[in-house]
Amino acid sequence: MKALTNVDLFKTPLVLRITAFVLISITFFYLGRHWSSNGYQQLIFFSSAPQKAVAVSPNLGKSFNITALIAQNQSQTLPDKTLSLAPLPPPTTDHSLPIVQSSQSDTNRTFGIIDSDGRMSDDFEVGEFDPEVVENWGNETGVESGEKDIRVRVKRFELCPESMREYIPCLDNVYAIKRLNSTERGEKYERHCPEEGKGLNCLVPPPKGYRQPIPWPRSRDEVWYNNVPHSRLVEDKGGQNWISKEKDKFKFPGGGTQFIHGADQYLDQINKMVPDIAFGSHTRVVLDVGCGVASFGAYLLSRNVLTISIAPKDVHENQIQFALERGVPAMVAALATHRLLYPSQAFEIIHCSRCRINWTRDDGILLLEVNRMLRAGGYFAWAAQPVYKHEQILEEQWEEMLKLTTRLCWALVKKEGYIAIWQKPFNNSCYLSREAGIKPPLCDPNDDPDNVWYVDLKACITQIPEDGYGANVTKWPARLHTPPDRLQSIQMDAYMSRKELFKAESKYWAETIAGYIRAWHWKKFKLRNVLDMRAVFGGFAAALIDQGFDCWVLNVVPVSGPNTLPVIYDRGLLGVMHDWCEPFDTYPRTYDFLHAAGLFSIERKRCNISTIMLEMDRILRPGGRAYIRDSVNVMDELQETAKAMGWHVALHDTSEGPHASYRILTCEKRLLRP
């Protein structure tokens, strides 16, 4: 073998590597000394300071606004997991840990906040809305953002005209209503949404003198006049003990057209007529049709009964607004030509007291809708003049009602005074034994009784499931956490047991709400009217009940996902179907709290985020809060849209840390003035 020459030696890989390493080391050494000499950008491992000396900060003698820095970068880590219809992993977060304040641009973390003495403290609470503090909004053309790296810019929204302070887009569409071919069946009281591009694009203002609503339970009996400044009901219904005006307040004595001596006495009478009704045990969920100011539902709340009160926006257009201001569950809705937005077998009782509905028209199509929504074995309570007055036309109406209910296989359980109560059958045996050709017929077996979004009423009898689903519900309160039978009939993609998925969702929200209470002092929030915009099985609402919050939750099931409404009602909760790409059927300033988990990352594929956010602003009360839990991909646009609406926002981490794919955006709506 030939000996290596000097040239060959230097070409060997080992020598080349050693040479390269030496050159790189020398380069870094001189760079380090150069950087360390400029007095600011120091590399610690090349510091020229003596080893045992303390280097003087380059910021010596400078002052900084720490408050501004904290406000810009504040972020909190809370106990949380991302929720979806996929199975949830067991929680790993220690929920006893104190709240963590962090900056997304800084890896250093500190616990608590700095108090007025400059000391770290974890004793703090979210500020309450001060009705005396308002923001002068004006109708400017731009929006300023303190963030330099925001990828989305949203133009500042203007205030709507004063005339729109009670605007409900799909019910106040005058142009569409004028074009209707017929209005004789109440078509003008149904949804007629604005065309694409003509929807709400401004902020609905409150009435002059608007004040923070009176808290529950006082609000059941009185509300501020300036919040619902309409006295027509006082003039029309004052003699029936509905409502009265005293100085700067409306008062609600608790009466109604058929129960002028008070709702409590009326409810006692119903319970005595049919003891099996058992308010608060067998009966948990009720529908009140043509509810007036909802005193029937307001007084049922003290008996552990949730009542959804509905009425159209008609000549007494503000009755639902009064109900909501009182803190009572209510929606603007009309029995006209479309199904109501509630599932089959939803209610244990459906009540109508002088609701001015012709139940026998069109082969009983409206009463057949009641039959669809009434639980097997449920009751229909009717308090009206045909029940007790002996005038010829009224007696004829009573006879027509008796014939129709007989063909529906309803049993007249009790007739006493001015109240008649029928019971729906528990199974289909009566339906199947009727004579051939009798009307109304049975619905087609392929008809889905839970399909309600823009579905026409059908003059047919909805059959009861042969397996008893919907009828076999546990009594309250056990039914809140009992997986119902109808859970198995939900059409959804799930690769684990539906019962396990149900329990996992309940556990998830129980732990999350407990974290909210510790971290953000939720017990001090004035929560009464709550809307869960994507409810799934209603676990969020159930967690609020378990924590003892004195509030009610309307659980919305979006049309873009599986229809879980039957499960929500079987749990003893309230819910409704809705498409968030369209406006919601309620008055402005309805809710104290809006909750949206995983909503925007789904719906943004179908409509603009600003469309949904403007609707949220319309239905949220000044001083109200919105919590949005969603993907980081939508957070920039959500933040900027919220700021363009005048909301005060803060972005928070979940327990998975700043690199997780989800965030929590907390928002507070302020009272804006022109």
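Heads up: the structure comes first, above all this text.
Residues numbered from 1 in each chain as written. Predicted model: local features only at pLDDT ≥ 70, side-chain atom pairs only at ≥ 80, totals over all residues. Heavy atoms only, no water.

Engineer: Looking at this model, I keep getting lost on the nonpolar core. Mind explaining?
Structural biologist: Here is a general trend for soluble globular proteins: nonpolar side chains tend to be buried in one another's company. Residues Y342, W359, F380, W522 and F600 are the most contacted members of the largest nonpolar core, which totals 150 residues. No other element matches the seven residues that strand β14 (residues 374-383) contributes to this core. Look past the residues within four positions of Y342 in its chain and what remains in contact with it is L287, I308, I310, M331, F347, R372, M373, V452, Y569, G575 and V576. (Core = buried A, V, L, I, M, F, W, Y, C linked by side-chain atoms within 4.5 Å. Buried < 20%, exposed > 50% of the residue type's maximum accessible area, 1.4 Å probe, protein only. Helix = DSSP H or I, 4+ residues; strand = E, 2+ residues; numbered from the N terminus. Contact = heavy atoms within 4.5 Å.)

Engineer: I'm lost on helix α8 (residues 319-326) in this one. Help?
Structural biologist: Two residues of an α-helix separated by three or four positions point the same way, owing to the 3.6 residues in each turn. In terms of burial, α8 is a largely internal element, eight of the eight residues being buried. Among all positions of α8, only Q319, I320, Q321, F322, A323, L324, E325 and R326 are buried. Where α8 terminates, the next one or two residues include G327, which has phi positive at roughly 90 degrees.

Engineer: What am I meant to see in the state of the cysteines here?
Structural biologist: When the sulfur atoms of two cysteines share a covalent bond, that bond is a disulfide. Evaluated as defined, the whole model comprises six disulfides. Across the disulfide, C409 is cross-linked to C430 (sulfur-sulfur distance 2.1 Å). With the S-S dihedral at roughly -80 degrees, the linkage between C409 and C430 falls on the left-handed side. Taken together, the residues C409 in the loop between α11 (392-407) and β15 (411-416) and C430 in helix α12 (residues 429-432) connect sequence positions 21 residues apart. Of the residues examined, C409 reaches a relative accessible area of 10% and is grouped as buried. With a sulfur-sulfur separation of 2.2 Å, C581 is cross-linked through a disulfide to C607. One disulfide, between C581 and C607, carries an S-S torsion of -80 degrees and so falls in the left-handed class. Of the two residues, C581 sits in the loop between β19 (574-578) and β20 (591-597) while C607 sits in the loop between α16 (600-603) and α17 (609-619), which places them 26 residues apart along the sequence. (Disulfide = S-S within 2.5 Å.)

Engineer: Mind showing me how you'd approach the environment of P566 here?
Structural biologist: Among the secondary structure elements, P566 is positioned in helix α15 (residues 565-570). For P566, a relative accessible area of 2% puts it in the buried group. Here the alpha-carbon distance between P566 and I490, two residues 76 residues apart in the chain, equals 8.4 Å.

Engineer: Got a minute to help me understand the pairing of strand β13 (residues 347-353) in this structure?
Structural biologist: Side-chain direction in a regular strand flips from residue to residue, so the side chains alternate between the two faces of the sheet. With seven of seven residues buried, β13 is to be regarded as a mostly interior element. Inspection of the sheet shows strand β10 (residues 285-289) paired to β13 by four bridges, in the parallel sense. Its bridge partner being in β13, V289 is matched across the sheet by C352. Both β13 and β14 contribute to a ladder of six bridges, which runs parallel. (Pairing = 2+ DSSP bridges.)

Engineer: Sorry, what's going on with the packing of helix α9 (residues 361-373) against α11 here?
Structural biologist: Angle between the axes and distance between the axes are the two parameters that describe a pair of packed helices. Packing of α9 against α11 leaves a shortest axis separation of 11 Å and a crossing angle of 65 degrees. At the point where α9 passes α11, the crossing takes the right-handed sense. Facing α9, whose interface residues are D363, G364 and L367, α11 presents M401, L404 and T405. Per-class residue counts for the contact of α9 with α11 are three nonpolar, two polar and one charged. (Axes fitted to C-alpha atoms, helices over the stretch in contact; angles between N-to-C directions. Left-handed = near helix turned anticlockwise from the far one by under 90°. Nonpolar A, V, L, I, M, F, W, Y, C, P; charged D, E, K, R; others polar.)

Engineer: Help me understand the side chain of E369, please; the structure alone is not making it clear to me.
Structural biologist: Assignment of secondary structure puts E369 in helix α9. Discounting chain neighbours no more than four positions away, the residues touching E369 are L335, R339, L340 and L457.

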